[in-house]
Amino acid sequence: MDNIVLKGVAQHNLKKIDLTLPRNKFIVITGPSGSGKSSLAFDTLWAEGQRRYIECLSTYARQFIENLQKPEYETIEGLSPSIAIDQKTISHNPRSTVGTVTEINDLLRLLFSRIGIPHCPECRREIAKNTVSQIIEIVKSKFYGKKIKILSPVIKAKKGEYHVLLQRIQKKGFIRARIDGKIYDLAENIHLEKTKKHNIEILVDELTLSGVREGRFMESLKSAIDLSGGTCVVMDETNNESFYSTKLFCPYCEISLPELEPRSFSFNSPFGACKRCNGIGWLTDFDEWGDMILTDELCPECRGKRLREESLAVTINDKNIHYFSTLPITFLRKKLLELELNSKEKLIGSRILQEIDSRLEVMVEMGLGYLDLNRTAVSLSGGEAQRVRLASQISSGLRGILYVLDEPSIGLHSKDNSKLLYFLKKVKENGNTVIVVEHDEETIRYADYIVDLGPGAGEKGGYVIAIGSLENITECPNSLTGAYLKGEKFIPIPEKRRKPRGFLLIEGASEHNLKNIDVRIPLGVMVSITGVSGSGKSTLVCDILYKALSRIIYHAKERPGKYKRIVGMEAVDKVVNVDQKAIGRTPRSNPATYTEIFSTIRKLFSFVPEARIRGYREGRFSFNVKGGRCEECRGAGVKKIEMNFLPDVYVTCDRCNGRRYNRETLEIRYKGKNIYEVLEMTIDEAFEFFKNIPFLRRRLEVLKGVGLGYIKLGQSATTLSGGEAQRIKLSKELGRKGTGKTIYILDEPTTGLHFDDIKKLLNVLFQLVENGNTVIIIEHNLEIVKSSDWVIDLGPEGGDEGGYIIAEGTPEDIVKNGKSYTGIALKRVMVKKHGIQ
């Protein structure tokens with residue numbers, strides 16, 4: 001079948017739409033925020049593709065189908081097994097890294113287990129294990145013609161009595177042993193103390209090594225190795241000792257080491273992980289939810305290297321696995337290609353190295369060469385996380401798959417976006433269908449097929465406005481997206497750039513790849529921090545500026561990145577980091593609770609006459625405490641089902657049918673609505689419903705202003721995108737009284753925003769600046785950059801090749817800098833859309 005045919009799709013706000021999508025094409029689903037894009041792409045196409053795939057598996061797997069809710073549709077034909085690569089699929093486990101996600105770590109561990117050279121962790125001497133035949137040849141070449149003793153070490157520095165062991169050995173025909181350095185006849189009454197550590201070696205044979213006695217020598221040596229389980233000692237006439245082992249053994253420190261295998265180099269395995277930190281690399285603590293969090297303190301045993309000393313003592317070309325794991329991927333690839341290997345090592349390692357290189361090549365060409373394998377997954381941005389997973393999928397070479405991606409352009413400079421588009425095309429050409437939920441103009445123009453949803457958000461959305469080629473979209477009079485693509489609508493450049501009222505000077509910023517730079521942050525204006533991925537933007541703003549100001553103003557414990565000093569602090573009295581982390585960890589967390597709207601709503605319900613007659617107080621209408629909530633789901637409305645081999649899923653509670661509360665609580669109505677029905681309202685609906693309540697009107701108006709009118713008051717925090725969570729946090733800050741001396745920090749606030757919604761967001765940000773505050777934005781979106789008062793551009797590249805200030809000043813200043821990738825891209829926009837040369 002050449003098409004995916006959907007009929008009557010009514011998931012969430014979709015209005016029973018009919019749609020035909022071509023298979024093996026690059027398809028972009030776009031439209032205003034809240035128009036139904038994710039409902040179509042993820043909640044329908046991906047969810048149903050996953051459900052049908054599981055249905056084809058074993059009986060064990062099919063039992064989970066009952067817990068997977070079927071999307072609302074009449075028919076779907078031509079669907080393939082589906083893989084979702086969204087902004088929330090990266091693990092929050094601190095042991096999850098770029099290397100584990102891409103499975104490159106598995107290959108690197110295999111390489112070290114096969115051709116790595118072990119060293120003693122104590123004396124650092126190279127050690128090796130030999131076969132019995134090799135040991136025989138070594139001893140013959142060293143001691144031929146000499147009188148030798150062959151001993152078998154059976155006890156090494158252990159406390160206790162070993163009379164039974166010695167009696168058993170005596171019965172085997174052995175008559176002498178060396179105990180604590182002195183040779184005894186086993187027939188003697190040997191005194192062994194329970195509390196003393198003893199060394200016991202059985203004297204297997206004593207002979208002059210010659211051709212006549214070669215057979216006896218070989219038999220004795222084999223017996224000694226067999227008796228000890230792999231080790232023997234050979235003494236010459238002057239009592240000089242030589243140790244030999246079929247295991248990894250240091251004869252100088254007398255340390256036996258475990259066999260080398262891939263798990264020996266895994267920080268997710270007890271055989272490789274540092275015992276002190278369990279492979280995390282940092283000391284840990286627990287947060288208010290009881291979840292483990294990392295502290296700022298490196299593990300004192302492994303110093304952040306995550307592995308045991310024995311594992312770190314194994315090298316290839318004198319470098320251990322931690323060294324390779326911490327190289328930027330671009331340099332890692334170069335180092336692995338330059339490895340000097342002997343013929344045996346090449347024979348064993350060439351296939352592994354070839355596979356590693358093919359995966360690293362994909363990472364580099366996708367613009368991720370600045371990352372290293374040891375980079376924790378939780379520290380990646382949403383866009384980086386998607387591209388890391390996409391790289392691993394490309395490497396897998398699967399065909400006939402439906403890939404669904406959520407704004408993979410997030411975090412990408414326009415310079416790197418073409419690389420991403422090239423690889424999406426490559427995935428398509430491998431025989432797959434690629435569906436991307438996206439607002440990025442370049443991506444939309446690149447697509448084979450476009451689906452434009454709208455016309456508005458929430459209940460005002462859910463319709464197919466335009467479909468087909470780029471021309472179909474731009475020529476559709478009802479398409480808001482088409483109007484922006486055609487240039488009929490646009491975000492204007494501010495008529496006047498605001499002048500800084502002073503500067504905050506960061507001197508000697510040198511954390512990560514920053515090159516000991518001095519950075520002037522203008523105050524009282526909107527500042528964009530730009531640059532290619534990995535150029536040092538987040539390091540400068542989040543790791544240094546925010547953490548340093550938090551420590552100075554609030555005495556925060558978190559340690560900032562390396563810098564010398566900050567000058568001009570007297571002009572700042574507050575710093576707020578409006579990040580994209582979730583507003584809560586459970587389905588009970590939602591916009592109403594986070595913005596403090598819900599407490600006022602609960603008070604309103606407690607004032608209803610019926611509630612007062614029954615004695616219901618405010619707490620009755622909380623789903624976080626016992627009393628009025630449904631106890632089956634504890635007020636969540638859903639129950640978590642552990643899928644074992646798949647991510648956990650949440651299903652609707654069968655007792656309350658997702659209403660969160662018990663029957664008695666739901667009988668109380670305010671203006672005809674019960675508490676559940678109020679939580680089901682969108683922000684837009686709630687604004688009309690509560691517009692006569694001043695506090696609620698103000699808070700809801702702010703939420704509308706940041707483009708969130710389509711989300712529900714009680715929408716689970718687990719279903720919100722990073723961009724939505726960030727805008728909810730921003731609305732909460734806007735609802736507070738500002739001092740006029742506040743610095744607001746935002747990291748890519750355009751995530752998930754349509755062109756028209758970016759215009760609304762800019763109005764909100766301008767409001768903060770007009771009140772005297774400073775807004776600092778880490779951003780690639782050129783609409784934000786062109787609207788800023790000041791731009792600081794880092795680069796020129798990512799990783800070690802970044803960390804410099806390339807350009808700074810107004811957008812007009814940046815455009816004139818021919819060395820700035822941002823300036824080059826910004827010039828195209830300002831010339832094309834605004835005719836500014």
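Structure's up top.
The shown structure was predicted, so the numbers you read here are calculated from the model rather than taken from an experiment.

Caption draft 1: The overall build of the protein, seen in detail. Counting secondary structure elements, the protein contains 29 helices and 30 strands. Dimensions of the protein, computed from C-alpha atoms along their principal axes, come out at roughly 105 × 70 × 65 Å. Looking at the protein as a whole, 53% of its 837 residues qualify as buried. At a minimum sequence separation of 6, the contacts of the protein that also span at least 24 residues come to 68%. Carbon and sulfur atoms provide 47% of the accessible area of the protein, an area that totals close to 38000 Å².

Caption draft 2: Summary view of the packing of helix 5 (residues 132-143) against helix 7 (residues 214-228). In contact at an axis separation of 11 Å, helix 5 and helix 7 are set at 125 degrees when each is read in the N-to-C sense. Taken together, the axis directions place helix 5 and helix 7 in an arrangement best described as oblique. Crossing handedness for the pair helix 5 and helix 7: right-handed. Residues Val-132, Ile-135, Ile-136, Val-139 and Lys-140 of helix 5 lie in contact with helix 7, whose contacting residues are Glu-214, Phe-217, Met-218, Leu-221, Lys-222 and Ile-225. Among the residues forming the contact of helix 5 with helix 7, the class breakdown is eight nonpolar, no polar and three charged.

Caption draft 3: How the structure looks around the sheet that holds strand 30 (residues 804-809). Taken together, the six strands give an open sheet; going across it, the order is 24-27-28-22-29-30, and neighbouring strands pair in mixed fashion. The outermost strands of the open sheet, each flanked by one partner alone, are strand 24 (574-578) and strand 30. With direction set aside, neighbouring strand axes in the sheet form an average angle of 15 degrees. Pairing between strand 24 and strand 27 (residues 742-747): five bridges, direction parallel. Note that in strand 27 the partner of Val-576 across the bridge is Tyr-744.

Caption draft 4: Molecular detail of the sheet that holds strand 11 (residues 241-245). Taken together, the six strands give an open sheet; going across it, the order is 8-7-9-6-10-11, and neighbouring strands pair in antiparallel fashion. One side of each edge strand has no neighbouring strand; the edge strands of this open sheet are strand 8 (182-185) and strand 11. Going from strand to strand, the sheet's axes swing by 30 degrees on average, the running direction of each strand aside. Direction of pairing for strand 7 (residues 176-179) relative to strand 9 (residues 197-208): antiparallel, over a ladder of four bridges. Across the sheet, Ile-179 pairs through a bridge with Ile-200, a residue of strand 9. Strand contacts of helix 5: strand 6 (147-159), strand 10 (231-235) and strand 11, with the helix running at about 160 degrees to strand 11, the strand carrying the most contacts. Each of strand 6, strand 9 and strand 10 touches helix 7; the most contacted strand, strand 6, lies at about 5 degrees to it.

Caption draft 5: Expanded view of the nonpolar core. Ile-601, Phe-690, Leu-700 and Leu-730 are the most contacted members of the largest nonpolar core, which totals 122 residues. When residues in this core are grouped by element, the largest group, nine residues, is from helix 26 (residues 755-770). If we skip the residues at most four places from it in the chain, Phe-690 touches Ile-601, Leu-604, Tyr-670, Val-678, Leu-696, Arg-697 and Leu-700.

Caption draft 6: Main features of unusual backbone geometry. With an omega of 0 degrees, the peptide bond between Gly-454 and Pro-455 qualifies as cis. Topologically, Pro-455 is positioned in the loop between strand 18 (449-454) and strand 19 (463-468). Cis geometry is adopted by the peptide bond preceding Pro-796, which originates at Gly-795 and carries an omega value of 5 degrees. Within the element layout of this structure, Pro-796 appears in the loop between strand 29 (790-795) and strand 30. A positive phi angle, near 55 degrees, is found at Asn-516, a position not held by glycine.

Caption draft 7: Geometry of the side chain of Thr-376. You can see Thr-376 is positioned in the loop between helix 11 (343-365) and helix 12 (382-396). Sequence-distant contacts of Thr-376, that is, excluding residues within four places in its chain, are made with Pro-94, Ser-96, Thr-97 and Arg-306.

Caption draft 8: Expanded view of the packing of helix 19 (residues 597-606) against helix 24 (residues 694-705). Packing of helix 19 against helix 24 brings their axes to within 10 Å, and their N-to-C directions diverge by 145 degrees. In the crossing of helix 19 with helix 24, the sense of the turn from one axis to the other is left-handed. Contacts from Ile-597, Thr-600, Ile-601 and Leu-604 in helix 19 reach Phe-695, Leu-696, Arg-699, Leu-700 and Leu-703 in helix 24.

Caption draft 9: Here's a closer look at the pairing of strand 18. Burial runs high along strand 18: five of the six residues are buried. Pairing analysis gives four bridges linking strand 3 (residues 26-30) to strand 18, with the strands arranged parallel. The partner of Ile-29 across the bridge, within strand 18, is Val-451. Relative to strand 19, strand 18 runs antiparallel, the two sharing five bridges. Of the residues in strand 19, the one forming a bridge with Asp-452 is Ala-466.

The rules behind each value
Residues numbered from 1 in each chain as written. Predicted model: local features only at pLDDT ≥ 70, side-chain atom pairs only at ≥ 80, totals over all residues. Heavy atoms only, no water. Helix = DSSP H or I, 4+ residues; strand = E, 2+ residues; numbered from the N terminus. Buried < 20%, exposed > 50% of the residue type's maximum accessible area, 1.4 Å probe, protein only. Contact = heavy atoms within 4.5 Å. Areas by Shrake-Rupley, 256 points an atom, 1.4 Å probe, with all protein chains shown as cover. Axes fitted to C-alpha atoms, helices over the stretch in contact; angles between N-to-C directions. Parallel < 35°, antiparallel > 145°, perpendicular 65-115°, else oblique. Left-handed = near helix turned anticlockwise from the far one by under 90°. Nonpolar A, V, L, I, M, F, W, Y, C, P; charged D, E, K, R; others polar. Pairing = 2+ DSSP bridges. Core = buried A, V, L, I, M, F, W, Y, C linked by side-chain atoms within 4.5 Å.

Read these as geometric descriptors, not functional statements.
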